[in-house]
Amino acid sequence: MNRPMYLNDDFNLRGLTLKVGTDCSGLDSPIVALNLLNVNVIHKWSCDSDKDIKKQIINTFKPELYFDDMFNRDLGSLPDIDLYVCGFPCQSFSIANPHRQGFEIKHGTLFFEAFKVIEHKRPKYFVLENVKGLISHNNGETYTVVREYLSTLEDYTIHYKVLNTMDFGVPQNRPRLYMIGIRNAESTTFEIPKTYRYNVSHFLDTSLPSDTERCLIPRRKKCLEWAVKNYSIDEQEEWVVNIGASLGTFITAMKDMTPCILTFCPYYYLTKRQRFLSPYELLALQGFPPSYQLHSARSKQYKQIGNAMSVNVLYCVFWVLFEQQR
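The text that follows walks through the structure, step by step, so that each part is easy to find. (Residues numbered from 1 in each chain as written. Predicted model: local features only at pLDDT ≥ 70, side-chain atom pairs only at ≥ 80, totals over all residues. Heavy atoms only, no water.)

**Topic: the overall build of the chain**
Along its length, the chain carries nine helices and 11 strands. Against the compact-globule benchmark of 20 Å for 326 residues, the chain has a radius of gyration of 20 Å, which places it among compact chains. With the C-alpha coordinates of the chain rotated into their principal frame, the extents come out at 55 × 45 × 35 Å. Residue burial in the chain is summarised as follows: out of 326 residues, 54% are buried. Of the roughly 14,700 Å² that the chain leaves accessible, carbon and sulfur atoms contribute 47%. (Helix = DSSP H or I, 4+ residues; strand = E, 2+ residues; numbered from the N terminus. Rg over C-alpha atoms; globule rule 2.2 N^0.38 Å. Buried < 20%, exposed > 50% of the residue type's maximum accessible area, 1.4 Å probe, protein only. Areas by Shrake-Rupley, 256 points an atom, 1.4 Å probe, with all protein chains shown as cover.)

Rendered as structure tokens:
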């Protein structure tokens with residue numbers, strides 16, 4: 001696995017300096033994407049309540065400030081920023097959650113904390129990200145509330161885009177809602193061209209051996225058999241099957257690409273190679289470069305990867321966002 005294949009050599013923002021604040025961005029994908037674009041990043045702060053993510057971000061990026069909680073901080077103490085990125089928690093809006101409590105539970109209200117940051121600090125740019133399911137949640141009422149709040153931000157042009165990771169070079173089916181704000185925008189259009197998508201085989205470590213005995217314990221073998229039948233899978237082809245779920249529930253499979261990488265992603269099985277995807281392969285399928293290193297225990301890495309924002313999508317969003325305004 002070499003440098004990310006989605007990188008475009010023409011995408012180079014060298015000479016651009018940005019003061020950046022990130023909240024709930026997990027492995028800090030926004031900073032990774034900005035670094036790949038050669039932006040000079042002044043990392044003013046990061047925030048995440050997960051202690052392992054805190055260690056990861058501080059060791060990797062060394063932000064000037066780190067907050068453990070978005071709810072308990074003084075907005076007046078936050079430094080000025082040019083760019084704000086927040087991937088506020090999606091669990092309460094996701095269709096994968098049968099309860100979908102939305103704003104009724106505490107972490108579901110973090111959108112309002114992100115809004116306060118934008119309202120108070122008024123960055124030149126902001127990017128908010130969440131699951132596509134937010135649009136349909138509560139018969140669309142949740143999305144209406146979000147848009148109504150954002151519409152009160154004076155002098156901002158806001159674009160709402162559902163962008164899928166697989167349309168930006170990386171073979172993962174991951175549609176996400178991006179809310180992109182520009183203060184005093186020079187243009188009312190914001191189009192992000194799709195790019196060539198590589199097959200999953202280009203992202204795999206070919207030195208890893210098959211491991212059917214460990215992977216296909218009886219319960220998971222039944223899940224694989226169910227998927228083979230229901231998806232008409234030829235196991236000699238490059239299929240990725242999530243066999244970690246209950247039989248018939250959230251068992252997803254795709255050929256030459258991977259289903260959406262979720263927090264329970266240790267059991268994404270490669271039929272042709274007869275093994276699970278490794279953490280670093282999953283990282284690559286989230287757009288991370290091979291130089292990115294994880295510092296937590298392997299058992300915790302899967303959740304972190306599943307919660308991450310796709311670097312390749314942010315890479316393309318940032319390129320259009322900043323190049324258009326230069």
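Let's pick the thread back up.
**Quick look at the nonpolar core**
Membership of the largest hydrophobic core comes to 63 residues, with the highest contact counts inside it found for Leu27, Leu34, Tyr315, Phe318, Leu321 and Phe322. Here this core gets 11 residues from one element, more than from any other, and that element is helix 9 (residues 311-325). With sequence-adjacent residues up to four places away left out, phenylalanine 322 is seen in contact with Leu13, Leu16, Leu18, Leu34, Leu83 and Tyr125. Residues Phe67, Leu78, Leu110 and Val117 belong to the second largest nonpolar core, which totals 28 residues. (Core = buried A, V, L, I, M, F, W, Y, C linked by side-chain atoms within 4.5 Å. Contact = heavy atoms within 4.5 Å.)

**Focus on the pairing of strand 7 (residues 175-183)**
Every other side chain in a regular strand lies on the same face of the sheet, so the side chains alternate between the two faces. Among the nine residues in strand 7, seven count as buried, and that is most of the element. Across seven bridges, strand 5 (residues 125-131) lies against strand 7 in antiparallel orientation. Residue pairing in the sheet places valine 131 in a bridge with arginine 176 of strand 7. Bridging between strand 6 (residues 156-164) and strand 7 involves nine bridges; their strand directions are antiparallel. Its bridge partner lying in strand 7, tyrosine 156 is registered against arginine 183. (Pairing = 2+ DSSP bridges.)

**Quick word on the packing of aromatic side chains**
Considering all chains together, one arrives at 20 aromatic pairs under this definition. For the ring pair phenylalanine 111 and phenylalanine 112, a centre distance of 5.3 Å and an interplane angle of 70° mean the geometry is edge-to-face. Neither residue differs from the other here; phenylalanine 111 and phenylalanine 112 are each classed as buried. Ring geometry for phenylalanine 111 and tyrosine 149: centres 6.2 Å apart, planes at 80°, overall edge-to-face. Within this pair, whereas phenylalanine 111 is found in helix 3 (residues 110-121), its partner tyrosine 149 is found in helix 4 (residues 141-151), the two being separated by 38 residues in sequence. Looking at phenylalanine 111, the relative accessible area reads 0%, which means it is buried. By relative accessible area, tyrosine 149 is classed as partly exposed at 36%. Taken together, Phe88, Phe111, Phe112, Phe115 and Tyr149 form an aromatic cluster joined through their ring pairs. (Phe/Tyr/Trp six-rings, centres within 6.5 Å; stacked < 30°, edge-to-face > 60°.)

**Observations concerning the packing of helix 3 against helix 4**
Direction vectors running N to C along helix 3 and helix 4 enclose 10°, while the axes themselves pass 11 Å from each other. By the angle class used here, helix 3 and helix 4 are roughly parallel. Mapping the contact onto sequence places Phe111, Phe112 and Phe115 in helix 3 and Val145, Val146, Tyr149 and Leu150 in helix 4. Classifying every residue of the contact of helix 3 with helix 4 gives seven nonpolar, no polar and no charged. (Axes fitted to C-alpha atoms, helices over the stretch in contact; angles between N-to-C directions. Parallel < 35°, antiparallel > 145°, perpendicular 65-115°, else oblique. Nonpolar A, V, L, I, M, F, W, Y, C, P; charged D, E, K, R; others polar.)

**Section: the sheet that holds strand 4 (residues 83-86)**
Consider a sheet: its strands pair through backbone hydrogen bonds, and that pairing is either parallel or antiparallel. Ordered in space as 3-2-1-4-5-7-6, the seven strands form an open sheet in which the pairing is mixed. The open sheet has two edge strands with one neighbour each: strand 3 (65-67) and strand 6. Averaged over all neighbouring strand pairs, the angle between strand axes comes to 20°, with direction disregarded. Those strands touched by helix 1 (residues 29-36) are strand 1 (17-23), strand 2 (40-47) and strand 4, and its axis lies near 160° from that of strand 1. Of the strands in this sheet, strand 2 and strand 3 touch helix 2 (residues 51-61), which is tilted by about 170° from strand 3.

**So, helix 2**
Buried within helix 2 are the following residues: Asp52, Ile53, Gln56, Ile57 and Phe61. The buried residues of helix 2 occupy an angular sector of 130° when the element is viewed end-on, so they sit on one face. As for helix 2, its buried residues are in contact with helix 1, strand 2, strand 3 and helix 8 (298-307). A distance of 2.7 Å separates the backbone nitrogen of aspartate 52 from a side-chain oxygen at the start of helix 2, and that oxygen is part of aspartate 50. Directly beyond the C-terminal end of helix 2, a positive phi value near 50° is found at lysine 62. (Arc of directions from axis to C-beta. Polar contact = N/O pair within 3.5 Å; in protein donor to acceptor, adjacent residues only side chain to side chain.)

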